[in-house]
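Fold and contact review
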Amino acid sequence: ESDNVKGALDELFQHATDYTNMDERVTELEGISSNTAGFHNSIFRGKNLGTSVTSDQWTAISNGTFEDLYVGDYWVINNVNWRIAGFDIYLHKGDTEMTSHHVAIVPDQNLTTAQMNTSNTTEGGYVGSAMYTTTLPSVLTTIRSAFGSSHVLKYRALLTNSVSGNASNGWAWYDAYVNLMNMVQVTGDRGWGSSSYEVGADNVQFPLFRLAPEFISISRSWYWVRSVSSSALFAIVSTGGDSTDLSASRSGGVRPCFYIG
């Protein structure tokens, strides 16, 4: 009996070592193609991809095969872990259709700290905030330095621009290169967002946070999301990883999302 067990284990080990990479292991199954965004959005790997995006990787992104790129993989550029949060998340969205294949990126750490507004108000919604008008343009410079201006993609985002009482009540389409995440992108639900206006076209949770929810919380540091919570508060992800809100004038973490291709 022990010989039979040993033989079975040897056979299993042989099968486990027959393949040199993940694509070969999965494409053995008939009818499965690994050259799709859906496939790559379903696997967390977490591999260090180096200190820059290679020409082969840019090609794999632009042609939509995403070969040897998986959720959780990351580049270490300028001492920041730029982690893949998903593939083709925004494809075909926007009032002007997003047609470029792309990778969604969320850094592991806050890129800076800033107030949403200098006083405790959410008047003008997210688009009216100092975060949107002053801080994010500076953050975009950091991102372009890491990936190259031509590779940081423009898209059309549906963002809040007015608040009535304690809830956002208006939105419009805006050109965007970088934004704070909303609560849905992080946790999969509206959380402390005041209304459905906070969701817009960013209406799915990033695969990174679905497959590896430990990345929702970062180094016991809280960070802003763009969702209006009340007339004086914006939503945050707290140091403990829970959803809550804080006064708009608090100085908190800036952890943006953007798309490269």
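Residues numbered from 1 in each chain as written. Predicted model: local features only at pLDDT ≥ 70, side-chain atom pairs only at ≥ 80, totals over all residues. Heavy atoms only, no water.

**Some remarks on the pattern of salt bridges**
Quick reminder of the rule: Salt bridge, as used here: a side-chain nitrogen of Lys or Arg that lies within 4 Å of a carboxyl oxygen of Asp or Glu. Every helix listed is a DSSP run of H or I at least four residues long, and every strand listed is a run of E at least two residues long, numbered separately from the N terminus. Classification of residues uses two cut-offs on accessible area relative to the type maximum, computed with a 1.4 Å probe and protein chains only: under 20% is buried, over 50% is exposed, and between them is partly exposed.
Counted under the stated rule, the structure contains seven salt bridges. In this structure, Arg45 engages Asp68 in a salt bridge whose closest nitrogen and oxygen atoms are separated by 2.8 Å. One end of the pair, Arg45, is in the loop between helix 3 (37-40) and helix 4 (55-62); the other, Asp68, is in the loop between helix 4 and strand 1 (74-77), with 23 residues separating them in the sequence. Looking at Arg45, the relative accessible area reads 24%, which means it is partly exposed. Taking the shortest distance from any N to any O, the salt bridge between Arg226 and Asp202 comes out at 2.4 Å. A residue pair is termed long-range when its members are at least 10 positions apart, and Arg226 in strand 8 (residues 223-228) and Asp202 in the loop between helix 6 (183-187) and helix 7 (207-211) qualify at 24 residues. One exposure class covers both Arg226 and Asp202, and it is buried. Taken together, the salt bridges that share partners define one network made up of Arg45, Lys47, Asp68 and Asp73.

**Description of the sheet that holds strand 1**
Put simply, the rule reads: Paired strands, in this sense, are two strands between which DSSP finds at least two bridges. Note on geometry: axes are lines fitted to C-alpha atoms, helical ones only across the stretch in contact, with angles between N-to-C directions running from 0 to 180 degrees. We call two residues in contact when some of their heavy atoms are within 4.5 Å.
Pairing in this open sheet of five strands is antiparallel, and the strands run 1-2-3-12-7 from one edge to the other. The strands lining the two open edges of the sheet, one partner per strand, are strand 1 and strand 7 (178-180). On average, each strand axis in the sheet is tilted by 30° relative to the strand beside it, whichever way the strands run. Two elements, strand 3 (residues 103-107) and strand 12 (residues 256-260), share three bridges in a ladder whose sense is antiparallel. Counterpart to Val103 in the pairing with strand 12 is Ile260. Most of the contacts of helix 5 (residues 130-147) go to strand 7, to which it runs at about 125°, and overall it touches strand 1, strand 2 (80-87), strand 7 and strand 12.

**Brief notes about helix 5**
How we decide: Any helix carries an expected span of 1.5 Å times its number of residues minus one.
If you check helix 5, its first and last C-alpha atoms are 25 Å apart, about what 18 residues at 1.5 Å a residue would give, namely 26 Å. The set of residues buried in helix 5 consists of Met131, Tyr132, Thr135, Leu136, Val139, Leu140, Ile143, Ala146 and Phe147. At the C-terminal side of helix 5, Gly148 shows a positive phi close to 90°.

**Looking at the nonpolar core**
Here is the rule we go by: Residues belong to one nonpolar core when they are buried, are Ala, Val, Leu, Ile, Met, Phe, Trp, Tyr or Cys, and are joined through side-chain atoms within 4.5 Å.
Core analysis: the biggest nonpolar cluster contains 69 residues, and Trp75, Trp82, Phe147, Phe206, Trp224 and Ile260 have the highest contact counts within it. No other element matches helix 5, which puts eight residues into this core.

**Examining the side chain of Gln57**
Going by this rule: Polar contacts, as used here, are pairs of N or O atoms within 3.5 Å; protein pairs need one atom able to donate a hydrogen and one able to accept it. Residues neighboring in sequence count only if both atoms are side-chain atoms.
Summarising the element assignment, Gln57 is placed in helix 4. Exposure remark for Gln57: the relative accessible area of 12% places this residue in the buried category. Of note is the side chain of Gln57, whose polar atom sits 3.1 Å from the side chain of Trp75.

**Description of helix 4**
Our working definition: Think of it as the arc spanned by the lines of direction from the helix axis to the C-beta atoms.
Within the sequence span of helix 4, burial applies to Gln57, Trp58, Ala60 and Ile61. For helix 4, the arc enclosing every buried residue in end-on projection is 160°, short of the 170-degree limit, so these residues lie on one face. Turned more than 90 degrees away from the buried face of helix 4, the exposed residues are Ser55 and Asp56. Where helix 4 is buried, its residues contact strand 1, strand 3, helix 5 and strand 12. Gly64, located one to two residues past helix 4, shows a positive phi value of around 75°.

**Points about unusual backbone geometry**
Residues apart from glycine generally show negative phi values, whereas peptide bonds are mostly found in trans. One non-glycine residue with positive phi stands out, namely Ser219, at about 50°. Mapped onto the secondary structure, Ser219 falls in the loop between helix 7 and strand 8. Located in the positive-phi region is Arg220, a residue other than glycine, with phi close to 55°. Tracing the backbone shows Arg220 in the loop between helix 7 and strand 8. For Arg220, a relative accessible area of 61% gives the class exposed.

**What to know about the environment of Pro137**
Here Pro137 shows up in helix 5. For the pair Pro137 and Val178, spaced 41 residues apart in sequence, the C-alpha to C-alpha distance is 8.3 Å.

**Here's the deal with the confidence of the model for the protein**
The predicted coordinates ought not to be read in detail in places where the model reports low pLDDT. Inclusion rule: For every residue, the pLDDT score states the predictor's confidence, bounded by 0 at the bottom and 100 at the top.
Averaged over all residues, the pLDDT of the protein is 90; the fraction at 70 or higher stands at 88%. Here residues 16-20 is a poorly scored stretch, pLDDT under 50, and it has three contacts once near neighbours within four places are set aside; other chains count.

**Considerations on the packing of aromatic side chains**
Using the following cut-off: Under the pairing criterion, centres of Phe, Tyr and Trp rings, with the six-membered ring standing for Trp, must be within 6.5 Å; the plane angle then separates stacked pairs below 30 degrees from edge-to-face pairs above 60, leaving the rest tilted.
One pass over the full model with this rule turns up 15 aromatic pairs. Where Trp82 meets Phe258, the ring centres are 5.8 Å apart and the plane angle is 75°; that geometry is what we call edge-to-face. Of the two residues, Trp82 sits in strand 2 while Phe258 sits in strand 12, which places them 176 residues apart along the sequence. Since its relative accessible area comes to 0%, Phe258 is described here as buried.

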